[in-house]
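Listed below are the residues making up each chain.
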Amino acid sequence: MMKLDLRDLHIDILKHKMTYDVFDYSHNGIQFNILFDVNCIPFKLIFIKKNSGQYLILDVLAGYQLDTYLDEKLKILKNMLELKNGKSKFSTNQFFEEFNKKIPHTIQNKKLSKATISHVYHCEESEKIYIRELRNWDKYPELGKHATKENKEKTRLLYPDIYEEIKDKNISVFYTDKEK
């Protein structure tokens, strides 16, 4: 286990009424977007390799602890780092020690594409990322419908500002795959 220096970033995320932040990280010339999500238990630290479909989701446990024994996830990380098995020495502890030194202490407000976020989180109807309409189910009690937690989660990830406005309301966001 390794303690990551995420406390200040976590506090800043909450101070800005956000649920996650994205920042850049580079290792041996390989570029990553890092998504630190504090709206789940355990927290999530997601390494997303830029210009590829590769990503690695890691749990950040209480006290910002990360299990550096990756087991089957080690192969994913090595693949993302373009390391071949047996050709070079690789230490997960060294990797995360280096990463830990580069964690920002304040939010970076970097953006990820909605398509990337939807893919990484396996959102419902992941190809539908554009808002078609919002519906307040309280105005239609005869329908007996309500906003689902999956719909709220997708909105939190794709449209955090809208999520903040509707998170405590019985409002669903209807999505479409059409940008306009």
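Note that this is a predicted model, so its numbers are computed, not measured.

1. Structural notes on helix α1 (residues 7-15)
Working note: α-helix, 3.6 residues per turn, so residues spaced by three or four point in the same direction.
Inference 1: Inspection of α1 places Leu9, His10, Asp12 and Ile13 among the buried residues, and these make up the whole buried set. The arc that holds every buried residue of α1, seen down its axis, measures 165°, which confines them to one face. In α1, the exposed positions angled more than 90 degrees off the buried face are occupied by Arg7 and Lys15.
Inference 2: In this structure, the buried side of α1 is in contact with β2 (20-27), β3 (30-37) and β4 (43-49).
Inference 3: Lys17, located one to two residues past α1, shows a positive phi value of around 55°.

2. Observations regarding the sheet that holds β3
Backbone-to-backbone hydrogen bonds pair the strands of a sheet. The strands run either parallel or antiparallel.
Inference 1: Overall, antiparallel pairing links the four strands, which are arranged β2-β3-β4-β5 in an open sheet. Strands with a single pairing partner mark the edges of an open sheet, and in this sheet they are β2 and β5 (55-60). Strand-to-strand twist across the sheet, computed as the mean angle between neighbouring axes with direction ignored, equals 20°.
Inference 2: In the packing of helix α3 (residues 92-101) onto the sheet, the strands contacted are β2, β3, β4 and β5, and the crossing angle to β2 comes to about 120°.

3. Structural notes on the packing of aromatic side chains
Inference 1: Per the counting criterion, the structure on display carries 14 aromatic pairs.
Inference 2: An angle of 85° between the planes, with centres 6.2 Å apart, marks the rings of Tyr25 and Phe95 as edge-to-face. With Tyr25 in strand β2 and Phe95 in helix α3, this pair connects stretches of sequence that are 70 residues apart. Phe95 carries the same exposure label as Tyr25, and that label is buried.
Inference 3: Taken together, Phe23, Tyr25, Phe32, Phe47, Phe90, Phe95, Phe96 and Phe99 form an aromatic cluster joined through their ring pairs.

4. Things to note about the pattern of salt bridges
Inference 1: Going through the model one piece at a time under the given rule, you end up with 12 salt bridges.
Inference 2: Note that Asp24 and Lys110 form a salt bridge whose closest N and O atoms lie 3.4 Å from each other. One end of the pair, Asp24, is in strand β2; the other, Lys110, is in the loop between α3 and α4 (114-120), and 86 residues separate them in sequence.
Inference 3: Of the residues examined, Lys110 reaches a relative accessible area of 36% and is grouped as partly exposed.
Inference 4: Across the pair Arg156 and Glu153 runs a salt bridge whose closest N-O atoms are separated by 2.8 Å. Here the residue Arg156 and the residue Glu153 both occupy positions in helix α5 (residues 149-158), the gap between them amounting to three residues, near one helical turn.

5. A look at the pairing of β4
Inference 1: For β4, the buried fraction is high: six of the seven residues fall into the buried class.
Inference 2: As judged from the six bridges shared by β3 and β4, these two strands associate in the antiparallel manner. If you follow Leu35 over to β4, its bridge partner there is Ile46.
Inference 3: Following β3, the chain reverses through five residues before pairing antiparallel with β4.
Inference 4: Sheet topology places β4 next to β5; six bridges connect them, and they run antiparallel. Looking at β5, one finds that Ile48 is bridged to Tyr55.
Inference 5: The hairpin formed by β4 and β5 contains five residues between the paired strands, and Asn51 there has a positive phi angle of roughly 60°.

6. So, unusual backbone geometry
Inference 1: Cis geometry marks the peptide bond from Ile41 to Pro42; its omega dihedral reads -5°.
Inference 2: Locating Pro42 in the fold gives a position in the loop between β3 and β4.
Inference 3: For Asp71, which is not glycine, the phi dihedral falls at a positive 55°.
Inference 4: On the secondary structure map, Asp71 appears in the loop between β6 (65-66) and α2 (73-80).
Inference 5: Its relative accessible area of 47% is what places Asp71 among the partly exposed residues.
Inference 6: The backbone of Glu125 shows a phi angle near 45°, a positive value even though the residue is not glycine.

Calculation rules
Counting restarts for each chain, with residues numbered from 1 along the sequence as it is written. Selection of residues for local features in this predicted model requires a pLDDT of at least 70, selection of side-chain atom pairs for listing and counting requires 80 or more, and totals for whole chains, interfaces and linings are taken over all residues. The basis for every side-chain value is the complete set of heavy atoms in the structure, and neither hydrogens nor water enter the calculation. To sort residues, take the accessible area from a 1.4 Å probe on protein chains only and compare it with the maximum for the residue type: under 20% means buried, over 50% means exposed, and anything in between is partly exposed. Secondary structure elements follow DSSP: runs of H or I no shorter than four residues count as helices, runs of E no shorter than two count as strands, and numbering proceeds from the N terminus. As used here, the arc is the angular range of directions from the helix axis to the C-beta atoms. In what follows, a contact means two residues having at least one pair of non-hydrogen atoms within 4.5 Å. At least two DSSP bridges between two strands are needed for those strands to be called paired. Axis geometry follows a simple rule: fit a line to the C-alpha atoms, using only the stretch in contact for helices, then measure angles between N-to-C directions, giving values from 0 to 180 degrees. Classification of ring pairs uses Phe, Tyr and Trp, with its six-membered ring standing for Trp, and accepts pairs whose centres are within 6.5 Å; under 30 degrees between planes counts as stacked, over 60 as edge-to-face, and the remaining range as tilted. Here a salt bridge means any side-chain nitrogen of Lys or Arg lying within 4 Å of a carboxyl oxygen belonging to Asp or Glu.

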